[in-house]
Amino acid sequence: MEIPVEVCVFLLSLLAPGVLYTINNVPAIQDALPLLGLGAGVLGSVQLLVFLSVRRKKNVDPLYYVFAEFCFTCVVGLTNALEQDGYISGFMTFYVKKGEPHLSTAYAVMMCYWEGVVHFLLLLIMIHRMFRGKSYRNLGLLWVGSSIAHQIIFVPGVVIGKYGSNIRPAFWRNTPFLLLPIWAAFLLFNRPRDLSIIPADKVEAVQKKGLLSRPTDLLLSLGLLACMGLCVFRGMVVLNCPMDACFNYIYQYEPCLKDPVGFPRLTMMVQLFYALPLLAVSLYGLQAPGCTWMLDWTLFFAGAIAQTQWCHIGGSLHSRTPFTYRMPTDKRWEVLLLNLVFLAGPALLALRCHARPAFFMKLVPKGQSNKDKKKN
């Protein structure tokens, strides 16, 4: 009996801890440049095995090779997170010390947990659906949103933070993992949407309702406005705004925003310059009927915010964050609630768009519809 492809990928990914243990315990390869070359060789070998696993199949989706490679690195990330938190040992000590010391930070540990659990499951499910002839586009948009957000904070964060003066050659192995999700996003956005079949009269009836007649959309709009306000405010905080409110916030509520590692600060900048415009256009999409792009971009956006907020919240609570930058105990519930509301806004928006998509569908003019019927 042929082994399912997703099972092959899962088993291949489980080789990652063995590779890491070997690197950590063989002195001959424990140098900066050999480490980079070895990393590239391991990733190349994984890609070869991935190719061999589907050599007898025809018309293999090119994204399969991307997903399978990322499955391997997800297990690498999970191994790092478990070792940094003391659950295992002997796998990552040397690599973190000589290759990527920033992987020991609280933000990186939370990022690795997200990769090793959420991304790994998403990737396996997408591979399963891919080889069963089922659509995985929506899951793919969630994944690329999360992956791109992860990389545009992680890579520049290392450069501008306190580890920027100590970048080792192994750090540059992250380059393909920054570019591949962007390429995957380009492919997924250009594929046909998975649209439900809804009668034209129902679409027309829904789109005639104003915002006040759609209480769910009204509440979502208010929530998005609150998220926009938070983006602006926290952006001003990390830009050293001299207002008393900003000064009090960074010292009394989220001191992690001045952590020299740079990741929390960069998270706020990404939210200011990227999340804020997406929130604004999403707000427009809830007012104007027929914005079909909302079905795609809300998924992408929900994935991005979920990933960044997980790392931001977890990092500010983690024991690897110095105590002075950790979330204050007396303000913990207020700060948690604020961040969870910001996380929930895009997630609820994506859920609303896909649960009842009629408002976002293009309305076909009656004359054009009748002509199509006559032709048929």
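Residues numbered from 1 in each chain as written. Predicted model: local features only at pLDDT ≥ 70, side-chain atom pairs only at ≥ 80, totals over all residues. Heavy atoms only, no water.

K.L.:
Even after reading the chapter, I still don't get the overall build of the protein chain, so can you show me in this structure?
P.N.:
Of the regular secondary structure elements, the protein chain holds 15 helices and zero strands. Relative to its length of 376 residues, the protein chain is compact, with a C-alpha radius of gyration of 23 Å against a globular reference of 21 Å. Projected onto the principal axes, the alpha-carbon positions of the protein chain cover approximately 75 × 65 × 30 Å. For the protein chain, the proportion of its 376 residues judged to be buried stands at 49%. Sequence-distant contacts, at least 24 apart, represent 78% of the contacts inside the protein chain between residues at least 6 apart. Only carbon and sulfur atoms are counted for the fraction: they give 67% of the accessible area of the protein chain, which is about 18400 Å². Side chains of the protein chain give 34 positive and 20 negative charges; the mean places of these two sets differ by 7 Å. (Helix = DSSP H or I, 4+ residues; strand = E, 2+ residues; numbered from the N terminus. Rg over C-alpha atoms; globule rule 2.2 N^0.38 Å. Buried < 20%, exposed > 50% of the residue type's maximum accessible area, 1.4 Å probe, protein only. Contact = heavy atoms within 4.5 Å. Areas by Shrake-Rupley, 256 points an atom, 1.4 Å probe, with all protein chains shown as cover. Lys, Arg positive; Asp, Glu negative; His and termini not counted. Charge placed at Lys NZ, Arg CZ, Asp CG, Glu CD.)

K.L.:
Sorry, what's going on with the environment of Met130 here?
P.N.:
Inspection of the secondary structure assignment puts Met130 in helix 6 (residues 106-130). Placed 17 residues apart in sequence, Met130 and Tyr113 show a C-alpha to C-alpha distance of 25 Å. Discounting residues that sit within four places of it in the chain, Met130 has contacts with Asp61, Leu63, Tyr64, Phe67 and Tyr136.

K.L.:
Looking at this model, I keep getting lost on the pattern of salt bridges. Mind explaining?
P.N.:
Note on pairing: side chains with opposite charge can pair once their charged atoms come close. Counting across every chain of the model gives nine salt bridges. Taking the shortest distance from any N to any O, the salt bridge between Glu6 and Arg132 comes out at 3.2 Å. Of this pair, Glu6 sits in helix 1 (residues 5-13) while Arg132 sits in the loop between helix 6 and helix 7 (137-160), and the two are 126 residues apart along the sequence. Taking the relative accessible area as the measure of exposure, Glu6 reaches 12% and is therefore buried. A single salt-bridge network, built from bridges that share partners, covers Arg137, Arg193 and Asp296. (Salt bridge = Lys/Arg side-chain N within 4 Å of Asp/Glu carboxyl O.)

K.L.:
What should I look at first to understand the nonpolar core in this one?
P.N.:
For soluble globular proteins, the rule of thumb is that nonpolar side chains tend to be buried together. Tyr64, Phe67 and Trp143 are the most contacted members of the largest nonpolar core, which has 76 residues in total. It is helix 6 that provides the largest number of residues to this core, a total of 14 residues. Setting aside its immediate chain neighbours within four residues, Phe67 contacts Leu123, Met126, Ile127, Met130, Tyr136 and Trp143. (Core = buried A, V, L, I, M, F, W, Y, C linked by side-chain atoms within 4.5 Å.)

K.L.:
Looking at this structure, I do not really get helix 6. What am I missing?
P.N.:
If you check helix 6, its first and last C-alpha atoms are 35 Å apart, about what 25 residues at 1.5 Å a residue would give, namely 36 Å. Remark: the principal bend of helix 6, roughly 30°, maps to His119. Burial within helix 6 is extensive, with 19 of its 25 residues counted as buried. (Expected span 1.5 Å × (residues − 1). Bend = angle between axes of the 7 residues up to and from the residue.)

K.L.:
Quick question: what am I supposed to make of the packing of helix 7 against helix 8 (residues 175-189) here?
P.N.:
Relative orientation of the contacting elements helix 7 and helix 8 amounts to 150°, with a least axis distance of 9 Å. Taken together, the axes of helix 7 and helix 8 are roughly antiparallel relative to one another. Every pair of crossing elements has a handedness; the one defined by helix 7 and helix 8 is left-handed. Of the residues in helix 8, those in contact with Arg137, Gly140, Leu141, Trp143, Val144, Ser147, Ile148, Gln151 and Ile152 of helix 7 are Phe177, Leu178, Pro181, Ile182, Ala184, Ala185, Leu188 and Phe189. Class assignment of the residues belonging to the contact of helix 7 with helix 8 gives a composition of 13 nonpolar, three polar and one charged. (Axes fitted to C-alpha atoms, helices over the stretch in contact; angles between N-to-C directions. Parallel < 35°, antiparallel > 145°, perpendicular 65-115°, else oblique. Left-handed = near helix turned anticlockwise from the far one by under 90°. Nonpolar A, V, L, I, M, F, W, Y, C, P; charged D, E, K, R; others polar.)

K.L.:
Sorry if this is basic, but what is going on with empty space enclosed by the protein here?
P.N.:
The rolling of a water-molecule-sized probe over the atoms marks out the regions of remaining empty space. Here the structure, examined in full by the defined rule, presents one cavity of 30 Å³ or more. Taken together, the elements giving at least two residues each to the lining of the largest cavity come down to helix 2 (16-25), helix 3 (32-53), helix 4 (63-84), helix 6 and helix 7. Taken together, the residues of the lining of the largest cavity sort by class into 20 nonpolar, seven polar and two charged. (1 Å grid on protein atoms, 1.4 Å probe; cavity = no way out; pocket = protein on both sides within 12 Å on 5 of 7 lines; lining within 4 Å. Points joined across faces, edges and corners; volume = space filled by probe spheres on them.)

K.L.:
What exactly am I supposed to notice about the environment of Arg129 here?
P.N.:
Mapped onto the elements, Arg129 comes out in helix 6. The spatial distance from the C-alpha of Arg129 to the C-alpha of Glu6 is 9.3 Å, given a sequence separation of 123 residues. Apart from the residues within four sequence positions on either side, Arg129 is in contact with Lys134, Ser135, Tyr136 and Leu139.

K.L.:
I keep staring at the confidence of the model for the protein chain and nothing clicks. Help me out?
P.N.:
Caution is warranted with low-pLDDT regions, since their predicted coordinates should not be read in detail. Summary statistics for the protein chain give a mean pLDDT of 89 and a share of 94% for residues scoring 70 or more. Within the protein chain, the lowest mean pLDDT, 46, falls on helix 15 (residues 366-375), and the highest, 96, falls on helix 6. Note that pLDDT drops below 50 for residues 369-376; the model gives that stretch one contact with residues more than four away or on any other chain. (pLDDT = per-residue confidence, 0-100.)

K.L.:
Any chance you could explain a nonpolar patch on the surface here in plain terms?
P.N.:
A grouping of Ile3, Val7, Phe10, Leu11 and Leu14 is seen on the molecular surface, where their side chains present a nonpolar patch of about 410 Å² in accessible area. Locating Phe10 in the fold gives a position in helix 1. Using a relative accessible area of 33% as the deciding quantity, one classes Phe10 as partly exposed. (Patch = residues over 30% accessible without salt bridge, like charges linked within 9 Å, V, L, I, M, F, W, Y side chains within 5 Å.)

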